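The primary structure of each chain is shown beneath.
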Amino acid sequence: MRVWVDLTNSPHVLVMRPLIEVMRADGHDVEVTARDFAQTLELCERFGIEHTAVGHHRGGRLASKGLGLASRSAALVRWARGRRFDVAMGHGSNDVTVASWLLRIPSATAFDYEWATAQHQVNCRLARAVVVPDAIPPERLERYGAAGKIHAYPGLKEEYYLADFEPDRRVLDELGLDQARPLVVVRTPPEVSLYHRFENPLFARVLDRLRGSQTVVLPRTQAQRAELEGFIVPEHAIDAQSLVAYADLVISAGGTMNREAVALGTPVFTTFEGKLGAVDEALLREGRLRKLEDPGQIELGRRSANGGLRIRRDPRELVTMLLAAREQ
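Conventions adopted
- Starting afresh in each chain, residues are numbered from 1 along the sequence in its written order.
- In keeping with the predicted nature of the model, local features appear solely for residues at pLDDT of at least 70, side-chain atom pairs appear and are counted solely at 80 or more, and the whole-chain, interface and lining totals rest on all residues.
- Only hydrogens and water are set aside; all other atoms, that is, all heavy atoms of the structure, feed into the side-chain values.
- Note on pairing: two strands pair once DSSP finds at least 2 bridges between them.
- Under the scheme used here, helices are H or I runs from DSSP no shorter than 4 residues and strands are E runs no shorter than 2 residues, and both carry numbers assigned from the N terminus.
- Any Lys or Arg side-chain nitrogen found within 4 Å of a carboxyl oxygen on Asp or Glu counts as a salt bridge.
- Residue burial is assigned from relative accessible area. The probe radius is 1.4 Å, only protein chains are included, and a residue is buried under 20% of its type maximum, exposed over 50%, and partly exposed in between.
- Nine residue types can take part in a nonpolar core, namely buried Ala, Val, Leu, Ile, Met, Phe, Trp, Tyr and Cys, and a core is a set of them joined through side-chain atoms within 4.5 Å.
- In what follows, residue pairs with any heavy atoms lying within 4.5 Å of each other are defined as contacts.
- pLDDT is defined as a per-residue confidence score from the predictor, taking values between 0 and 100.
- Working convention: axes come from line fits to C-alpha atoms, limited for helices to the stretch in contact. Angles between N-to-C directions cover 0 to 180 degrees.
- With respect to orientation, any angle under 35 degrees is reported as roughly parallel, any angle over 145 as roughly antiparallel, any angle of 65 to 115 as roughly perpendicular, and every other angle as oblique.
- Handedness of a crossing is defined here by the sense of rotation of the near helix relative to the far one, left-handed for an anticlockwise turn of less than a right angle and right-handed for a clockwise turn.
- Residues are grouped as follows: nonpolar covers Ala, Val, Leu, Ile, Met, Phe, Trp, Tyr, Cys and Pro; charged covers Asp, Glu, Lys and Arg; every other residue, Gly included, is treated as polar.
- Stacked, tilted and edge-to-face pairs are distinguished by plane angle, under 30 degrees for stacked and over 60 for edge-to-face with tilted covering the rest, among Phe, Tyr and Trp rings (Trp via its six-membered ring) whose centres lie within 6.5 Å.
- Only when the NZ atom of a Lys or the CZ atom of an Arg is both within 6 Å of the ring centre and within 35 degrees of the ring normal do we say a charge sits over the ring.

A sheet is described by the order of its strands in space; here five strands give the open sequence E9-E8-E10-E11-E12, paired in parallel fashion. Pairing within the sheet leaves two strands with one partner each, and these edge strands are strand E9 (215-218) and strand E12 (290-291). By the bridge criterion, two bridges tie strand E11 (residues 268-270) to E12 in an arrangement that is parallel. Of the residues in E12, the one forming a bridge with Phe-269 is Arg-290.

Under the defined criterion, the tally for this structure stands at 23 salt bridges. A salt bridge links Glu-159 to Arg-313; the nearest nitrogen and oxygen atoms lie 2.7 Å apart. Of this pair, Glu-159 sits in helix H7 (residues 157-161) while Arg-313 is found in the loop between E12 and helix H14 (316-323), placing the two residues 154 residues apart along the sequence. Looking at Arg-313, the relative accessible area reads 24%, which means it is partly exposed. Ionic pairing is found between Arg-170 and Asp-168, a salt bridge with its closest N-O pair at 2.6 Å. Several salt bridges converge on common partners, so that one network encompasses Asp-112, Lys-157, Glu-158, Arg-259 and Asp-280.

Let's shift gears to unusual backbone geometry. Backbone geometry at Arg-84 places phi at a positive 60 degrees, although glycine is not the residue there. Inspection of the secondary structure puts Arg-84 in the loop between helix H3 (62-80) and strand E4 (87-91). Arg-84 sits in the exposed class, given a relative accessible area of 72%. In this model, Arg-104 sits at a positive phi of 60 degrees, which is unusual for a non-glycine residue.

What follows is about the nonpolar core. Taken as a class, soluble globular proteins show a tendency for nonpolar side chains to be buried jointly. Counting residues in each nonpolar core, the largest one holds 60 residues, and the members touching the most others are Val-5, Met-16, Met-89 and Leu-243. The element contributing the most residues to this core is helix H1 (residues 10-25), with eight residues. Discounting chain neighbours no more than four positions away, the residues touching Met-16 are Val-5, Leu-7, Met-89 and Leu-322. Counting residues in each nonpolar core, the second largest holds 17 residues, with Leu-202, Leu-228, Phe-231 and Ile-298 among its members.

This next bit is on the confidence of the model for the protein chain. The predicted model of the protein chain averages 90 in pLDDT, with 91% of residues at 70 or higher. Here residues 192-198 is a poorly scored stretch, pLDDT under 50, and it has 24 contacts once near neighbours within four places are set aside; other chains count.

What follows deals with the pairing of strand E8 (residues 184-187). Every second residue of E8 is oriented toward a common face, with Val-184 and Val-186 on one face and Val-185 and Arg-187 on the other, all of them buried. Two strands pair when backbone bridges link them, and E8 and E9 are joined in this way by four bridges, in the parallel orientation. Within E9, the residue paired with Val-185 across the bridge is Val-216. Here E8 pairs with strand E10 (residues 249-252) via four bridges, running parallel. Counterpart to Val-185 in the pairing with E10 is Val-250.

On the secondary structure map, Glu-158 appears in helix H7. In this structure, the C-alpha to C-alpha distance between Glu-158 and Arg-312, residues 154 residues apart in sequence, is 8.8 Å. When near neighbours in sequence (up to four residues on either side) are disregarded, Glu-158 contacts Asp-112, Thr-256, Arg-259, Glu-260 and Ala-263.

Further remarks concern helix H12 (residues 256-264). With nine of nine residues buried, H12 is to be regarded as a mostly interior element. All buried positions along H12 are accounted for by Thr-256, Met-257, Asn-258, Arg-259, Glu-260, Ala-261, Val-262, Ala-263 and Leu-264. Phi turns positive one or two residues past the end of H12, at Gly-265, with a value near 80 degrees.

Interaxial distance between helix H4 (residues 94-102) and helix H5 (residues 117-126) falls to 9 Å at its minimum, and their mutual angle equals 40 degrees. By the angle between their directions, the pair H4 and H5 is classed as oblique. The handedness of the crossing between H4 and H5 comes out as left-handed. Note on element contacts: H5 touches H4 through Gln-119, Val-122, Asn-123 and Leu-126, opposite Asn-94, Thr-97, Val-98 and Trp-101. Grouping the amino acids of the contact of H4 with H5 by side-chain chemistry returns four nonpolar, four polar and no charged.

The description of an aromatic ring pair rests on the distance of the ring centres and on the angle between the ring planes. In the structure shown here, the tally under the stated rule is five aromatic pairs. With a centroid separation of 6.0 Å and 85 degrees between ring planes, the pair formed by Tyr-113 and Phe-272 is classed as edge-to-face. With a gap of 159 residues between them, Tyr-113 in the loop between strand E5 (107-110) and H5 and Phe-272 in the loop between E11 and helix H13 (278-286) connect regions that are remote in the sequence. One exposure class covers both Tyr-113 and Phe-272, and it is buried. Cation over ring: Lys-275 sits above Trp-115, and NZ or CZ is 3.8 Å from the ring centre. The residue whose ring lies beneath Arg-290 is Phe-269, and the NZ or CZ to ring-centre distance is 4.2 Å.

Here it is as structure tokens:
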């Protein structure tokens, strides 16, 4: 089968990497397109994912997002026309869903946060398969036109794409970290996301609390990087999963790194101030994720050497669900 995978953001590289490997191992011919945004291309290079760079991020304003969707979808149509793909897929990529619909290629979309309304109104209506965690109630997705298309998987997507992962201590040396001191890893808010379009004063207070400690901050944009003086800020894409695995605490205003910490057994706080999705609601109920409401909750110490429980799931299960778009 000829398969087209589109990557639009850096977490999507991590999600799709083992799925691409599984599909190729099963004999499928897979081609990858990637958008120039938030180290997506750099991560493709680091993981050895051959790809064609198409388009770039147009900015966080609604009008800019609309222009970006139209222009990049058109560019993808030009690239994909005549390549005879049997199915297209992405994790939250509107662009590939629109382009494949225009080209009449069956497509599958995947995501794990149900309140990105503008994105899902496009993806769920145009895609033939909608692949999501079973924690998300189906009725939350039916408003987007997903009825009859939902393929639900157990657990976290991170438990699938990290199934073959083992941490590498070289990242600690690369960043010059003192392994005898507590290590905190922080991920900045997704400023350009439509569902997070407001200031997060708590996050600024968190940085004030951590100043002077051994804290690695992973910014999303160059503008954020310029505001992080006094912290350890990597100059390029690093092995963030190993960093999270060895951290004593993770604090993230986004979603993926929170769930990576959960999957790897690292204590984690969320400072996300948007509408919580069903996955995070479940993790909070289970105590696997904690809500940070006051920087005074942060304790700078070493965690237990045993760490938390890791759950590993077979990424082939996600592949089967995504390829189901061909049969829908």
